[in-house]
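# Residue-level structure breakdown
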Amino acid sequence: MPGEYGDGFDARIEYLPEVRRFVIYYRESGPGRPQGRVHFSIAHELGHFYIPDHRARLLKGEMHNSLSDFRSDDAQEQEADEFAANLLMPKELFINEVRQFRQRVCTLKEICQMADQRFGTSITSTARRYCQCDIEACSIVVSENGLIRWAMHSEDMKRMNMRYVPARQPVPAMSKTAVLWQTIDEASEPVEGLVDAEVWFERPFYKKRLWEEAMVLGNTGLVLTYLTLDADD
Ligand SMILES: [Zn+2]
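A brief report on the enclosed structure follows. (Residues numbered from 1 in each chain as written. Predicted model: local features only at pLDDT ≥ 70, side-chain atom pairs only at ≥ 80, totals over all residues. Heavy atoms only, no water.)

## Here's the deal with the environment of Ile-123
If you trace the backbone, Ile-123 turns up in helix α6 (residues 123-132). Overall, Ile-123 belongs to the partly exposed group, its relative accessible area being 22%. Through-space distance from the C-alpha of Ile-123 to that of Gly-218 is 9.9 Å; in sequence the pair is 95 residues apart. Ile-123 has contacts with Cys-112, Ala-115, Met-215, Leu-217 and Leu-224, leaving out every residue within four places of it along the chain. (Helix = DSSP H or I, 4+ residues; strand = E, 2+ residues; numbered from the N terminus. Buried < 20%, exposed > 50% of the residue type's maximum accessible area, 1.4 Å probe, protein only. Contact = heavy atoms within 4.5 Å.)

See the structure below:
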């Protein structure tokens, strides 16, 4: 059941006992809500349908308005997000697609292009997948109101002791992301530049600079930061 619904609404699945059918309500794409986010959102609802525990709750009449795309702290929501990422971007196929798209490592802009043109998924989920597949050393950080929500790091990054960015803390003052948060609105352009690894990490083994890119994620009120090693260093 696509529709415009309210601003805060993403999607919901619900069981209608009278007709013994499940129905998924979802907000259509539009400004600040790209098609990829809609795909991801529907895949998230399918997670609630296919994961046995979740379906059992639906059959009992439980329902919730989903907060998908790795924005919720709720365990059930996170399981449905993982399901959606696996459904839309199976690891092997994902790695093959990236190889065909780029012979070298990707910029955040290229990850956005892949999300939009190749996978038809959200930027956050595509960047997470890229990071999980260890294609290169990189970290993904999501912040809200200038505070860190969560971060994830590729295995190569962890090996260089760049493995931890504390949640609920302000983004580092010397980071490009902090600059973006100072002047933020939905139309803010992405920022990028070199920063010392120590700006983001305590005692990294990597003594050079990181390439930092940060962008506003549509109308979510979130900023996505992408950190990679400086290729020229
Ligand atoms: Zn949900």
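## Section: the coordination of the zinc ion
Taken together, His-44 (NE2), His-48 (NE2), His-64 (NE2), Ser-66 (OG) and Glu-77 (OE) make up the full set of protein donors to the zinc ion, lying 2.0 to 2.4 Å away. Residue classification places Glu-77 among the buried positions, given a relative accessible area of 4%. (Donors = N, O, S within 2.8 Å, 3.2 Å for Na, K, Ca; no water.)

## Re the pattern of salt bridges
Pairing is possible between side chains of opposite charge, provided their charged atoms come close. According to the stated counting rule, one finds 11 salt bridges in the structure shown. In this structure, Arg-27 engages Asp-7 in a salt bridge whose closest nitrogen and oxygen atoms are separated by 3.2 Å. Here the residue Arg-27 occupies a position in strand β3 (residues 21-27), and Asp-7 occupies one in the loop between β1 (2-3) and β2 (11-16), the gap between them amounting to 20 residues. Among the residues examined, Arg-27 registers a relative accessible area of 13% and is labelled buried. Relative accessible area serves as the criterion here: at 65%, Asp-7 is assigned to the exposed category. Residue Asp-10 is joined to Arg-71 by a salt bridge in which the shortest nitrogen-to-oxygen separation is 2.7 Å. Placement of the pair is Asp-10 in the loop between β1 and β2 and Arg-71 in the loop between α2 (52-59) and α3 (75-88), with a sequence separation of 61 residues. Each member of the pair, Asp-10 together with Arg-71, is buried. Here the residues in one salt-bridge network are Asp-10, Arg-33 and Arg-71, joined through shared partners. (Salt bridge = Lys/Arg side-chain N within 4 Å of Asp/Glu carboxyl O.)

## Observations concerning the sheet that holds β1
With respect to topology, three strands assemble into an open sheet ordered β1-β3-β2, the strand pairing being mixed. In this open sheet, the two edge strands, each paired with only one partner strand, are β1 and β2. By the bridge criterion, two bridges tie β1 to β3 in an arrangement that is parallel. Looking across to β3, one finds that Pro-2 is bridged to Tyr-26. Against the sheet, helix α1 (residues 35-50) makes contact with β2 and β3, and its axis sits at roughly 155° relative to β3, the strand it touches most. (Pairing = 2+ DSSP bridges. Axes fitted to C-alpha atoms, helices over the stretch in contact; angles between N-to-C directions.)

## Remarks on the packing of α1 against α2
At their nearest, the axes of α1 and α2 sit 5 Å apart, and the two run at 85° to each other. Regarding the angle of α1 to α2, the classification is roughly perpendicular. Seen from α1, the contacting residues are Gly-47, His-48, Phe-49 and Tyr-50; seen from α2, they are Pro-52, His-54, Arg-55 and Leu-58. (Parallel < 35°, antiparallel > 145°, perpendicular 65-115°, else oblique.)

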